[in-house]
Structure formats: structure tokens, C-alpha cells
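Here are the chains, one letter per residue:
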Amino acid sequence: MLDLSAERGNGRGSEDFDPSSVAHWLARFRGLRVGVTGELFLEKILRGRMTGVAPEGPTPLISVEDAQLSLGGAGFAAEILSAFCEKVEFVGVLGEDEAGKDLAQLLQRKGISAAISYSAKVSTPVVSRVMAVSQRNAQHEVLRLQQNPPATGSEEIGLHLLEAVRSRLSEWDALLVVEQGLGMLSAELVEELGRAPSQAHPITLVGDLQTLGMRAKGYDALVLNAEEAGRALSLPEWPENPVQVANLVEQLRSRAGAHALLVTRGPKPAVLARAQLPAVALPVEPVPVYDVTGAGETVAALLTLGLAAGLDGKQAAELALRAGTLSVTLPGRAVVGPQQLLEHEERRSATLQAEKIVSRDRLRQIVAEARRQGQRVVWTNGCFDLLHVGHILYLEKAKQLGDLLIVGINSDASVRATKGPGRPIVHENQRARLLASLSCTDYVLIFDEPSPKEIIAELRPDVYVKGGDYTLDTINQEERRIVEGYGGQIALLPGVEGMSTSELIRRVLAAYGGNRNHTSLP
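Our subject in this report is the structure included herewith. (Residues numbered from 1 in each chain as written. Predicted model: local features only at pLDDT ≥ 70, side-chain atom pairs only at ≥ 80, totals over all residues. Heavy atoms only, no water.)

**Here's the deal with the nonpolar core**
- Ranked by internal contacts, the top residues of the largest apolar core, which has 57 residues, are Phe 29, Phe 84, Leu 262, Leu 302, Leu 303 and Leu 305.
- If we skip the residues at most four places from it in the chain, Phe 84 touches Leu 26, Phe 29, Arg 30, Leu 302, Leu 305, Val 336, Gly 337, Pro 338 and Leu 341.
- Membership of the second largest hydrophobic core comes to 39 residues, among which are Leu 162, Ala 196, Leu 252 and Ala 273. (Core = buried A, V, L, I, M, F, W, Y, C linked by side-chain atoms within 4.5 Å. Buried < 20%, exposed > 50% of the residue type's maximum accessible area, 1.4 Å probe, protein only. Contact = heavy atoms within 4.5 Å.)

This is the structure:
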């Protein structure tokens, strides 16, 4: 069953990924040791300008201006990981051919340690992409050539690769297995890799398996896109109903045998299914798409890092999806590095904070949409003057009672009417911005009335929360009657002893009020 709130209400469950913690986790990633194995191919990119059409027939003429070699498949995943980690090692098999030598040189040039075995029974896959611009069109792919001769002696090669991986497990914190339908990894090898980690070497194991996802038993996580997952389920098309989508993803996870399955769905919400937990829909930030090449490897690489560093499944998936979203805004196989991700998160966080502060009309639309999605709406309100840790702990507890936490704050005029001319100390816009910066707060509404009773009657939140020393008999009785009248839940959360705005003001005045030498507080 789809649960948009993940482990809501279990008292300790997953929190939404906090953008402010990105720098902390990026620092954790640096010390990770990650192995990568699987299908590596050479990508040749020819860039040029379309100059016309051949006189013999409808063949575009392209004047090549630039040629580039790059890592594809498992090699590109290793390149992404190396941007975040100090130690990344690729283990694989290449052909004794020119493409194999080019790939080995690329890995070395990019600082990726590589344990490569060369075999005359393998022809290194090559993908050639021709990119062109014209007078009317921006650069786009006009032709793709794929050279992928079938490997011989694959069983012997697979055993050699398995032993090479096993011998290095004690040196790694995580292993990412990449399979892209090139035929270099057998189903048996993918299964054996799932059994490779043991109690002696308990590493994080993630599979980016395009055609062999059903062989991922024992993997900590499996990453598929909608097309790959649909093919595994023999689906002609995905249903629109989010609950049906979630059920299908959970069925697929169970069949594959992975502990977690993340299915990306382009601009639609991704779905994360985990053993013994409800499936979670993860919204994807809408962005202008430039090139989706390499987005899958980006998601798989960041999911691997997140899980290995200690993020829970939902948090790791959210971070991975944000990196994948950023990658599709860039041309070609663009490596999203830590600085780019950090800057993107800072911009995104600032935008989200601004978008959290909403009008009453906008809030009405938001609540209506939340209801359509089956979300549980939580409301609380107050002055929140001089935001302190007591406020934050209270709001975090309120968030655990539902999916969407709306915080109503009294405007400056409303505060003055109830608390006197000396309050508020902090302007309403600043109070709203501070509340919007909290990851537990979904939306903030500034209201002028002494009581938000009309807003509550209109929005009809599922849970109405009050904090501090309130009891059912001391809360606003008009608000109580409204909530009880439509069958809503009233939750009373105790405050933190010694933590209140009035107490904070008293302490400041006691410390600084009698000393006129202090022109400002430290």
C-alpha cells in the first residue's frame, strides 16, 4: 500500500532528507571505499555542425568539429563515485582490442583504480554517438552506432570476475554492480555477486541491472527505470493510480529478492519499495531536460553512497534522485560532483523556503490536492516569536502525526493585540522565513485574526495540535468545537520545561537589561 509519509508514526521513522545536512553527508562520502563491477563500454562522441544534405539522397552532412572518448556503463558509474570518494576501484574484463586499451587509459586518467583482466574471448563494446547543431536546432543526437559482438567463454570469464570481486570485499564499504544488457554479465554471475557479501565482509550491495533485475536476491538495493521495471512485470503500460503503481513495485521487489527497489519514472514520482515497509512515492523536481544520458548511473551511484554512509533507504533515495535530476539538465554524460550538488541543494532549499510561505487561497489548493492523494493534514498555530529549540522539538513531534504540517503564525498586528505593544520582537516575515527553513514544516500561513478558527473550519485539518500546558478545557473552545464537529483529532503535545519565548526574554533582560554598555547581544 502506498504511504507517502514513509514510516509515519512509528516514533523513530525516516525523516525527509534535510538539504542543510548535504555538506555533512558529502564529507562522509569522502572516506568511503567503493568497488564497481559490471559492463563497461567505450563511448565515442563526434560533435559537429549539420551543413546540408548529401546530393545522392536524404543523408545529412555533418562537419565534425570535435571528437571525444568517455567511459560508459560501469565505467561512468565509477567516474561519478570517484568525484565523491577518495577510493574507487573498478573490477572488470575487457577485450584485447583498441577500445579496451582506450578504456584502461581513461580509467587511469580519471584516477580510478582498476583491476582489469584482458581476454581474447571478449570484444569491448563501443557506442558511437553523433551530435550535431544546425541553424534552427540546438545540439542533439542524430545517430547512434552500437558495436557489441557476443562474448565467448562467458562462464570462465564470469568465474574469474567473481573471484576478483570476492578477494576485494574486505577492502570495500560498498559494491555497485552495473548491467546494461550487453551480455557481458550472466544471470548466474549476478546471482553469485548477491551471495558474495558475508558476515565477515558485510558491505552495501547495489545493483543497476537493466535486464537481470530479477536475479538481485540478497542485494541491499536495486535500481530500475520505469521501462525496465515494466518489462520485468510484462506491463504494456503503467497504471495512473499511485496505489496500483506502488503495489506493482512492491511485487517486483519481492520477486527480485532485493531488500529495496527504487523505480525511477522520469518526471513522475519515483517509487521506493522496501521489505516490511510501505512503498513510498518520492516526488521529482520538475526541471528542463537537456540530456538523460547517464542519469541512471548517477542515481545508482548516489544511492550506493547514501546507503553505505548510513542514510536510511528513503533519505538515500531522495539524495540520489536529486543528483539524477540535476544530471539531466546537463549535456551528455555529465558527472554531477559534490560542489554542484551542494550548490543545487542550496538554491533548491532557498526556493522551497520561499514557496513554503503561502496565501490562504494557495493553501486551500494545497490541502485539496493532499486530500486527493490520501495525505493526512496537520495544523498548528502560534506566534513563534524568538524561535527556540522548544518550538523545533514541538514542530518535529507535530510532523510525525501526519504527512503535511501547516504552521499558522499570528501577524504582527495579531500578536500586538493579544500580547501587548512590546511584542512581537521578530517581524512576521522573518518569523515565517525561519519556520519555512525547518525540514519538518511543509507550509506557513500568516493570519491577522486573533484566532484562526475560520481557517480551521475551511481547511478541516485531520489533526489539530496545541503545545505547552494546554488541556482540552484551556485550548480555544471555539476552535475545539470546530475540530470535534467535523471529526478531526486534537493532539496536545507537552512543552519543554524552561523553554518559552517569555522565559528567553526574561533571561536576556536579566543578563543585559541593566548594563547600558552592551549595545548589542553576542
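**Some details on the pattern of salt bridges**
- Per the counting criterion, the structure on display carries 32 salt bridges.
- Close ionic contact of Arg 215 with Glu 191 constitutes a salt bridge, the shortest N to O distance being 2.9 Å. Residue Arg 215 is located in the loop between β9 (204–209) and β10 (221–225), and its partner Glu 191 is located in helix α5 (residues 187–195); the two are separated by 24 residues in the primary sequence.
- Judged by relative accessible area, Arg 215 falls into the partly exposed class, the value being 32%. (Salt bridge = Lys/Arg side-chain N within 4 Å of Asp/Glu carboxyl O. Helix = DSSP H or I, 4+ residues; strand = E, 2+ residues; numbered from the N terminus.)

**Re helix α16 (residues 477–485)**
- Every buried residue of α16 is listed here: Glu 479, Arg 480 and Val 483. Buried residues of α16, seen end-on, are gathered within an arc of 100° and therefore sit on one face of the element. Residues of α16 that are exposed and angled more than 90 degrees away from the buried face: Arg 481 and Gly 485.
- Taken together, the buried residues of α16 touch β14 (377–382), α15 (453–459), β17 (463–467) and β18 (489–493). (Arc of directions from axis to C-beta.)

**Considering the pairing of strand β1 (residues 33–38)**
- In terms of residue burial, β1 counts as a mostly covered element, since five of its six residues are buried.
- Pairing of β1 with strand β4 (residues 87–95) involves five bridges; the strand directions are parallel. Along β4, the bridge assignment pairs Val 34 with Val 88. (Pairing = 2+ DSSP bridges.)

**Details of the packing of aromatic side chains**
- Taken as a whole, this structure holds one aromatic pair when the rule is applied.
- An angle of 70° between the planes, with centres 6.4 Å apart, marks the rings of Phe 29 and Phe 84 as edge-to-face. Of the two residues, Phe 29 sits in helix α1 (residues 22–30) while Phe 84 sits in helix α2 (residues 74–84), which places them 55 residues apart along the sequence. Assigned by exposure class, Phe 29 and Phe 84 land together as buried.
- Over the aromatic face of Phe 76 sits the side chain of Arg 333, whose NZ or CZ is 5.7 Å from the ring centroid. (Phe/Tyr/Trp six-rings, centres within 6.5 Å; stacked < 30°, edge-to-face > 60°. Lys NZ or Arg CZ within 6 Å of the ring centre and 35° of its normal.)

**Notes on the environment of Arg 364**
- Relative to the elements of secondary structure, Arg 364 occurs in helix α11 (residues 360–372).
- Judged by its relative accessible area of 36%, Arg 364 falls in the partly exposed class.
- Sequence separation between Arg 364 and Ala 232 is 132 residues, and the spatial gap between their C-alpha atoms is 40 Å.
- A polar side-chain atom of Arg 364 sits 2.9 Å from a polar atom in the side chain of Asp 361. (Polar contact = N/O pair within 3.5 Å; in protein donor to acceptor, adjacent residues only side chain to side chain.)

**Remarks on the sheet that holds β14**
- One open sheet accounts for five strands, arranged β16-β15-β14-β17-β18; its pairing is parallel. Here the strands that pair on one side only, and so sit at the sheet edges, are β16 (443–447) and β18. Geometrically, the sheet is characterised by an average inter-axis angle of 25° between neighbouring strands, direction not taken into account.
- Where β17 and β18 come together, five bridges link them in parallel fashion. Among the inter-strand pairings, Val 463 is bridged to a residue of β18, identified as Gln 489. (Axes fitted to C-alpha atoms, helices over the stretch in contact; angles between N-to-C directions.)

**Here's the deal with the sheet that holds β1**
- One open sheet accounts for nine strands, arranged β5-β4-β1-β8-β9-β10-β11-β12-β13; its pairing is mixed. Of all strands in the sheet, those with a lone pairing partner are β5 (113–119) and β13 (277–282), marking the two edges. Strand-to-strand twist of the sheet, defined as the mean angle between neighbouring strand axes without regard to direction, takes the value 15°.
- Direction of pairing for β10 relative to strand β11 (residues 260–265): parallel, over a ladder of four bridges. Directly across from Leu 224, in β11, lies its bridge partner Val 263.
- Relative to the sheet, helix α9 (residues 313–327) contacts β11, β12 (268–274) and β13, its axis offset from that of β12 by approximately 150°.

**Some thoughts on unusual backbone geometry**
- A cis geometry characterises the amide bond from Arg 423 onward to Pro 424, with omega recorded as 0°.
- Tracing the chain through its elements places Pro 424 in the loop between α13 (412–419) and α14 (428–436).
- Positive phi values are uncommon outside glycine, yet Leu 386 reaches one of about 55°.
- Relative to the assigned elements, Leu 386 resides in the loop between β14 and α12 (389–399).
- The phi angle at Arg 460 is positive, at roughly 50°, despite the residue not being glycine.
- The topology assignment puts Arg 460 in the loop between α15 and β17.
- Accessibility expressed as a relative area gives 43% for Arg 460, which makes it partly exposed.

So, to be careful, I would describe these as geometric facts and stop short of saying anything about function.
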